[in-house]
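Survey of secondary and tertiary structure
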Amino acid sequence: MGFQVRCEICGRPIQGSPHRILVDTATLLVCSRCARYGVPVSQRPKPKLTVPTAPLPRKADRDKLPEIVPDYDSKIRKAREEMGLTQEVLAKYVGEKVSVIKRIEMGKLKPTIELAKKLEKVLKVTLLSDVASDVGVSVKERKVEVLLGDVVVIKDKGRKEEA
Ligand SMILES: [Zn+2]
């Protein structure tokens, strides 16, 4: 009987046997008075019950984060010219200032992922090199599909990118 166990909540020496309780994710040894602040561990063998599931999707998002292709400037300019759009019109389509479009086409400004997605939809080009290979359909293929007026393909594309 050398040392006395102290309650990890109130700090009082514990009379009798200590209670092992779970407070959030921590297991504490407490006295009978403080036992009510937590869940008795014996009832909850897994101390993981409050661990949020958030870290998992967050990691997946980071892994899937697409990157802007290096030749985004020429791709955008070419596609825009082929569609007969002016920079002003394209800017309106994607809700950006003309100056932004100009700088992007000059390669001076890298579009954000969000803007790149909008540009992809308007211009039907691939601006994001995604890790997921299903987005990596070649530009040529996609253009053919669009020329054929395949609306379903476009819709599918949008859904995939929003997911
Ligand atoms: Zn206590």
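Read on for a plain summary of the structure. Per chain, residue numbering runs from 1 following the sequence as it is written. Per-residue local features are limited, in this predicted model, to residues with pLDDT of at least 70; the limit for side-chain atom pairs, both in listing and counting, is 80 or more; totals at the level of whole chains, interfaces and linings are taken over all residues. With hydrogens and water stripped out, all remaining heavy atoms of the structure feed into the side-chain values.

A short note on the coordination of the zinc ion
Here is the rule: Metal sites are built from N, O and S donor atoms within 2.8 Å, or 3.2 Å for Na, K and Ca, and they leave out water, so they may look incomplete. Square planar and octahedral sites, with four and six donors, are those where opposite donors lie more than 155 degrees apart and all other angles lie between 65 and 115, tetrahedral sites have four donors with every angle between 85 and 135 degrees, and the rest are irregular. In this text, helices come from DSSP runs of H or I with a minimum length of four residues, and strands from runs of E with a minimum of two, each type numbered from the N-terminal end. Only protein chains enter the accessibility calculation, which uses a 1.4 Å probe; a residue whose area is less than 20% of its type maximum is buried, one above 50% is exposed, and one in between is partly exposed.
Looking at the metal site, the zinc ion is ligated by Cys 7 (SG), Cys 10 (SG), Cys 31 (SG) and Cys 34 (SG), spaced 2.3 Å from it. For the zinc ion, the 4 donor atoms in the first shell make angles of 101 to 117° at the metal, so the coordination geometry reads as tetrahedral. Sequence positions of the donors to the zinc ion reduce to the motif C-x2-C-x20-C-x2-C. Here the residue Cys 10 occupies a position in the segment before β1 (19-23), and Cys 34 occupies one in the loop between β2 (26-30) and β3 (39-40), the gap between them amounting to 24 residues. Residue Cys 10 is classed as partly exposed on the basis of its relative accessible area, which comes to 32%.

Re helix α2 (residues 72-82)
What counts here: Read the arc as the range of directions from the helix axis to the C-beta atoms. The contact criterion used is simple: two residues touch if any of their non-hydrogen atoms lie within 4.5 Å.
Here α2 has its buried residues at Tyr 72, Ile 76, Ala 79 and Arg 80. Looking down the long axis of α2, one finds its buried residues gathered within 100° of arc, a one-sided arrangement. Facing away from the buried surface of α2 by more than 90 degrees, the exposed residues are Lys 78 and Glu 82. Next to the buried residues of α2 lie β4 (67-68), α3 (87-94), α4 (98-105) and α5 (113-123). Positive phi appears at Gly 84, one or two residues downstream of α2, with a value of about 70°.

Overview of the packing of α3 against α4
The condition that has to hold: Lines fitted to the C-alpha atoms define the axes, with helices restricted to the stretch that makes contact. Angles between their N-to-C directions range from 0 to 180 degrees. In what follows, roughly perpendicular refers to angles from 65 to 115 degrees, roughly parallel to angles under 35, roughly antiparallel to angles over 145, and oblique to any angle outside these ranges. Just so you know the grouping, Ala, Val, Leu, Ile, Met, Phe, Trp, Tyr, Cys and Pro go in nonpolar, Asp, Glu, Lys and Arg go in charged, and all remaining residues, Gly too, go in polar.
At their nearest, the axes of α3 and α4 sit 8 Å apart, and the two run at 110° to each other. It follows from the interaxial angle that α3 and α4 lie roughly perpendicular. In this structure, α3 contributes Gln 87, Glu 88, Leu 90, Ala 91 and Val 94 to the contact, and α4 contributes Val 98, Ile 101, Lys 102 and Glu 105. In the contact of α3 with α4, the residues fall into 5 nonpolar, 1 polar and 3 charged.

Let's talk about the environment of Leu 28
Take Leu 28: it is sitting in strand β2. The class of Leu 28 is buried, set by a relative accessible area of 18%. Put simply, Leu 28 and Val 39 are 11 residues apart on the chain and 10.0 Å apart in space, counted from C-alpha to C-alpha. Every residue in contact with Leu 28, bar those within four places of it in the chain, is listed here: Glu 8, Ile 9, His 19, Arg 20, Ile 21 and Val 23.

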